[in-house]
Structures are given as structure tokens and as C-alpha cells.
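Coordinates in review
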Amino acid sequence: MPRSERPVTLVMLPPQTAATRAWARRLEQDVPKLAVHVPEDEAGVRALLPEADAAFGTLTPDLLALAPRLRWLQAPAAGPVPGYFFPEMAGHPMTVTNLRGIHRDVVATHAVALVLALARQLPLYLHHQVRREWVPHPAARSPLHLPKATVVLVGSGEIGAEVARMLAAFGCRILAVDERRTSPPAGAAELHPAADLDQLLPAADVVVVTVPHTPETENMFDASRFALLRDHAFFVNVGRGPVVDVDALADAIESGRLGGAGMDVFPEEPLPADHPLWGLPQVIVTPHSASFGVDDVLDDRIYDIIRTNAECFANDRELVNVVDPARWF
């Protein structure tokens, strides 16, 4: 990251909000070496990018070509939308960072809530409740006893590590799968690479998915993977929708090859009203709401990451939350 006597320049890419304008003012106070620009339109961006050292927001290939000095791009989300990463970005020398971790506690809590509800057969009880039916044993099989359950945790980053910590308190044996970690998260018994997934799934009583959508994870869970699970197993996804073939998931549950599912994210959102998952009593559908509940502190959490990285960038220190643009995470 080359430096000179001139200020380090950061461009906040539009569209601007009250939050981005406030973050810009705070950054100039908190990081004295930083000059922050807040253009309101593309013309302003194009005028500033040729001298910019860093940017916050979303670039296009055209805008990136205007930024020969750019050495740091801060993505505006923990998991940027499809299309955020493009081939020219992967070959660029800049460092890309994201906002992962800002929702770790609430998403993990949501995932664990889905696991507990499925384990105790709450979806089936609710199905009978709306019918005003008293059914003490709503399924042929018994509830899942968590102290004897094996959980395959697919994705053990910020959110996955928190899921592991929480489920460990219930006595679950947790087999973590992750491509970046070098040691198991707290509470996990083992850590495995993604290449081991097919060998782990037959042992799972519960599968919890927290991975981002990347070229490698798209349709990671398809009919062939669901076929590896035991017929009582539960499947929970709080990661990204395109990771799961939801038609194959519905088929596995309808046919009795899978015990049930808790789904917060889907390849197509909203989930189409005619999709079979809506009507299956062994399934919980939540409308991409796992991240709800931190609105009062979210702006501060985002700013903390931006400020940390701005300080590191301005002082030639290693950035946090670094992303491989070729792999999208």
C-alpha cells in the first residue's frame, strides 16, 4: 500500500444515506490520516476515483478501471449481493474486506431456535394446534435428545462458531466444517475441510448451514447430499439461499427420507406461495429474518469494522475481514 505525504483518500460510494454521511464525519475525526469524500452521484465518483486509495461500497468494472491507486475496497455487507464480485476485481491488487460478524449473535440464536423447535417437534405440534387437535405424540419417532445428537456444522466462521458454542451447551457433539479455520471453534469436537462433508453427513442428526454463497457452495446441498442423511435428520439453513436445492429438500421431506427442516433463506425470495415447503408440517419457514434484532446497534457495529480497517489501512497494518474476490468470501 504505497503512501506519501498526501492524505489517504477514502471515497464513500453512492447511494449515500444518513449513516454513510455520519460514518464519513466520524472517520475523519477518528483517523486523522484519512480524507473522506462523500460524492452524491456517479459524476462525483468518477472525478474522485483516479486519486482514491480506498473506497466503501459497490464498484462496477467501469469504475474500477478509473481507480489506478485503489488498494482497499470495503464491501457494504457481510455477504454482498450476487454480482458484487466480478472477474476484474479478482485480478486487481487491492484488498477487499467485508462486514462479516455484524449479525453473528442474532443469526446464531435464530439457527439454534430452529434446531430446538425441530428437535422438540414444535412444527408438528403447531400443525395440530391450528386444527385444535390434542396429539401428545405427533410423530412416529421420538423427539431428538440433543445430548446424544451429532450436529454437522457447515460453515464455522463468526456465525457458525457462535452456533457451536450455543449447541455445545445442550450437549451436542459438533463436527465443524470450514475451509479457513485451522482449529475447531469452541464447543466443536472436530474440524473438517469441505472435502470431508460426504463422509460426515451419514452421522448427522442435524445439519446446520451458515456458509456464504460462493462458486463452490452454490447448490452444495442437492438430492445426492440429502440422500446421504438419515431419515430422522433435520436440516437448517441460515446461510444463503442458493446453497440449497429447495425442490430436492422438499422432495426428501415429503418422501420421508429426511425428518424436517428449518429454512430462513431461499434461492428465490419471497419463497413462491405454491412451493411445497410451505405446506409441510415438518418444516419451519422464516422470511430471511434471522438477522433481525440488532437494528439499534447495527450502524455502530458496521462503523467499528470500517474504522478498524481505516486505521489499519492508514497505518500500513493488516486489514480485518479480508475476502478473496475470486471465491467471494
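To start, this report covers the structure provided alongside it. (Residues numbered from 1 in each chain as written. Predicted model: local features only at pLDDT ≥ 70, side-chain atom pairs only at ≥ 80, totals over all residues. Heavy atoms only, no water.)

As a further point, take the overall build of the chain. A tally of helices and strands in the chain yields eleven helices and 13 strands. Counting only C-alpha atoms, the chain reaches 75 × 40 × 35 Å along its principal axes. Expressed as a percentage of its 329 residues, the buried residues of the chain come to 48%. Considering only intrachain contacts with a sequence separation of at least 6, the fraction spanning at least 24 residues in the chain is 64%. For the chain, the accessible surface area stands at approximately 15,400 Å², while carbon and sulfur atoms represent 55% of it. Charged side chains of the chain number 28 positive and 41 negative; the gap between the two group centres comes to 5 Å. (Helix = DSSP H or I, 4+ residues; strand = E, 2+ residues; numbered from the N terminus. Buried < 20%, exposed > 50% of the residue type's maximum accessible area, 1.4 Å probe, protein only. Contact = heavy atoms within 4.5 Å. Areas by Shrake-Rupley, 256 points an atom, 1.4 Å probe, with all protein chains shown as cover. Lys, Arg positive; Asp, Glu negative; His and termini not counted. Charge placed at Lys NZ, Arg CZ, Asp CG, Glu CD.)

Attention now goes to the pattern of salt bridges. Tallied over the full model, the rule gives 15 salt bridges. The partner of R69 in a salt bridge is E51, and the shortest N-O contact between them spans 3.2 Å. In this pair, R69 sits in the loop between α3 (61-64) and β4 (72-74) while E51 sits in the loop between α2 (42-48) and β3 (54-56), placing the two residues 18 residues apart along the sequence. Relative accessible area serves as the criterion here: at 37%, R69 is assigned to the partly exposed category. Classification of E51 as partly exposed rests on a relative accessible area of 44%. Taken together, the shared-partner salt bridges connect E42, R46 and D62 into one network. (Salt bridge = Lys/Arg side-chain N within 4 Å of Asp/Glu carboxyl O.)

Here we come to helix α11 (residues 295-314). With 20 residues, α11 ought to run about 28 Å at 1.5 Å a step, and its terminal C-alpha atoms sit 29 Å apart, in line with that. Buried within α11 are the following residues: L298, I302, Y303, I305, I306, N309, A310, C312, F313 and A314. Buried-residue contacts for α11 involve β1 (8-12), α1 (18-30), β2 (34-37), β3, β4 and β5 (95-97). One or two residues past the end of α11 sits D316, with phi positive at roughly 60°. (Expected span 1.5 Å × (residues − 1).)

Quantified by volume, the second largest pocket comes out at close to 260 Å³. Taken together, 16 residues make up the lining of the second largest pocket; nearest its centre are Q121, A139, R141, F234 and G259. (1 Å grid on protein atoms, 1.4 Å probe; cavity = no way out; pocket = protein on both sides within 12 Å on 5 of 7 lines; lining within 4 Å. Points joined across faces, edges and corners; volume = space filled by probe spheres on them.)

This part covers the sheet that holds β3. Reading across the sheet, the six strands line up as β2-β1-β3-β4-β5-β13 and stay open at both edges, with mixed pairing between neighbours. Two strands in the sheet have a free side with no partner beyond their single neighbour: β2 and β13 (322-323). Relative to β13, β5 is paired through two bridges, and the arrangement is antiparallel. When the sheet's bridge partners are listed, T97 is paired in β13 with V322. (Pairing = 2+ DSSP bridges.)

Before going further, it helps to spend a moment on the pairing of strand β9 (residues 206-209). By the alternation rule, side chains of β9 split into V206 and V208 and V207 and V209, which are all buried. Bridge count for strand β6 (residues 150-154) against β9 is four bridges, and the pairing is parallel. Its bridge partner lying in β9, V154 is registered against V209. By the bridge criterion, four bridges tie β9 to strand β10 (residues 234-237) in an arrangement that is parallel.

Moving on, we get to the packing of α1 against α11. Look at α1 against α11: their axes get within 10 Å of each other, and the N-to-C directions meet at 40°. For the element pair α1 / α11, the angle class is oblique. Relative to α11, α1 is oriented so that their crossing is right-handed. Together, A19, W23, R26, L27 and D30 of α1 and D299, D300, I302, Y303, I306, R307, A310 and E311 of α11 make up the contact between the two elements. (Axes fitted to C-alpha atoms, helices over the stretch in contact; angles between N-to-C directions. Parallel < 35°, antiparallel > 145°, perpendicular 65-115°, else oblique. Left-handed = near helix turned anticlockwise from the far one by under 90°.)

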